Amino acid sequence: MNTYKLSAFLAIAALIAYIVITVLQWHQVGGWLLMLFFAFLAFAFRGNVLLKGFSYTVMIFAAVSLAMYYPQHFIAVGDFKLSKLILPLLQIIMFGMGTGLRWADFQQLAKTPKSIGVGVIAQYSIMPLVGFVITRLFNFPPEIAAGVILIGSCPSGLASNVMSYLAGANLALSVSITVMVTLLAPVITPLWMKALAGQYVEVALWQMMWDIVQIVILPIVAGLAFNHFLRGKFKWLDDAMPLLSMGGIALIIVVVTASGRDSLLKVGPLLIFAALLHNLSGYCLGYWSARLFRMPERDCRTVALEVGMQNGGLASGLALKMGKLATVGLAPAVFGPLMNITGSALATWWKGKKVDDGAEEVAVSLKV
């Protein structure tokens, strides 16, 4: 028996033990058993070609399990609040995104203005409005509703580029749309929040604009400059950034989950369903928006992934800046893992459905 099969059996054993412990109401050890189930399952997934891409998300579930059962360990270490790590981690992640960009990526913006324009407009119209409709349908508490609108109003992130690559979509277009919506975020995200979420929470428009500049724009510019002047001189940094980004995203999700654990217990299942509906609506409406403009199939798939996948880390950082991490920050924390699952599944399905739409393949250097 290889180690992957052994991990699968151990995952089943941990799940059975968790169910028994839960029935007996020995909740003090339940979190550890649930964590072991997800951890063994994640390792088992590594041995399967189709499931390998889900292993990181499953490991996030393992960490979130501990955060839900033992939140006190993920809120503070001694007198130090772990939420203070969120903004520096986000800036490091954005810096990493900047180091993965080149000036040629910006030149690409001028080559396909129609496709990029469709992607940007779809991104900043579909997701905020769908988020707003969802808050009306589900009647969430005001600050939870504001979080749903916030995640919809944020730009896409690196995850959409990764999924476009896995799906065999137009990676150059994906990177271009991500760059453009990210650069526009300091203006458009606060405006949507003011217009749609202002009825739920107080939105300081100019402060939010400046916050996004600090969290996103300045680190990306610094990363771009670093790549331009010092490219290849710090190989250890190139190797470390993807791992640091993944670890940073996981930590952000865990800290937000622990902080909002009580609220999540009240609206958890409904919020999960709402986040899934939001995410899937983005894929569907994004794809058909591109089809409406008669874009090539590969580009339609790219737009779908760009629209459906949001920058949950940025949304969490803005929730922290608003002083409402435990409520406004919940929707981004739920949306993040879900979009990785659905995005991986969609990318895998599309990868098996090759298209030849005559579009010219453009090689893009992307570090993830």
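The structure under discussion appears in the preceding block.
As the structure is a prediction and not an experimental result, all values here were calculated from the model. (Residues numbered from 1 in each chain as written. Predicted model: local features only at pLDDT ≥ 70, side-chain atom pairs only at ≥ 80, totals over all residues. Heavy atoms only, no water.)

Undergrad: What should I look at first to understand the overall build of the protein in this one?
TA: Counting its regular elements, the protein contains 15 helices and 2 strands. For 368 residues, the compact-globule estimate of 2.2 N^0.38 gives 21 Å, and the C-alpha radius of gyration of the protein, at 20 Å, lies within 12% of that figure. Taken along its principal axes, the extent of the C-alpha atoms in the protein is 60 × 55 × 45 Å. Residues counted as buried form 53% of the 368 residues belonging to the protein. Pairs at least 24 apart in sequence give 81% of the contacts found in the protein among residues at least 6 apart. Total accessible area on the protein is roughly 17000 Å²; 69% of this is exposed by carbon and sulfur atoms. Taking the 25 positively charged and 15 negatively charged side chains of the protein as two groups, their mean positions are separated by 3 Å. (Helix = DSSP H or I, 4+ residues; strand = E, 2+ residues; numbered from the N terminus. Rg over C-alpha atoms; globule rule 2.2 N^0.38 Å. Buried < 20%, exposed > 50% of the residue type's maximum accessible area, 1.4 Å probe, protein only. Contact = heavy atoms within 4.5 Å. Areas by Shrake-Rupley, 256 points an atom, 1.4 Å probe, with all protein chains shown as cover. Lys, Arg positive; Asp, Glu negative; His and termini not counted. Charge placed at Lys NZ, Arg CZ, Asp CG, Glu CD.)

Undergrad: Explain the side chain of Ser-55 to me, please; I cannot follow it from the model alone.
TA: Structurally, Ser-55 is set in helix α3 (residues 55-69). Using a relative accessible area of 7% as the deciding quantity, one classes Ser-55 as buried. Ignoring sequence-local partners within four residues, the contact set of Ser-55 consists of Ala-42, Phe-45 and Arg-46.

Undergrad: Honestly, the packing of aromatic side chains in this entry has me stumped. Any pointers?
TA: Remark: the centre distance and the inter-plane angle together describe each pair of aromatic rings, the angle taken between the planes. The tally for this structure, following the rule as stated, stands at 11 aromatic pairs. Ring geometry for Phe-95 and Phe-226: centres 5.7 Å apart, planes at 65°, overall edge-to-face. Here Phe-95, found in helix α4 (residues 86-99), pairs with Phe-226, found in helix α10 (residues 205-230); they are 131 residues apart in sequence, far enough to count as distant. The interplanar angle of 85° and the centroid separation of 5.4 Å between the aromatic rings of Tyr-287 and Trp-288 together place this pair among those described as edge-to-face. The exposure class of Tyr-287 is buried, given its relative accessible area of 12%. Ring-pair connections join several aromatic residues into one group, and the members of that group are Tyr-18, Trp-32, Tyr-69 and Tyr-70. (Phe/Tyr/Trp six-rings, centres within 6.5 Å; stacked < 30°, edge-to-face > 60°.)

Undergrad: I tried to follow helix α15 (residues 330-351) on my own but got confused; where do I start?
TA: Since the α-helix turns once every 3.6 residues, residues separated by three or four places project in the same direction. Across its 22 residues, α15 extends 32 Å between first and last C-alpha, which sits within 8% of the 32 Å expected from 1.5 Å per residue. Most of α15 sits out of view: 17 of its 22 residues are buried. (Expected span 1.5 Å × (residues − 1).)

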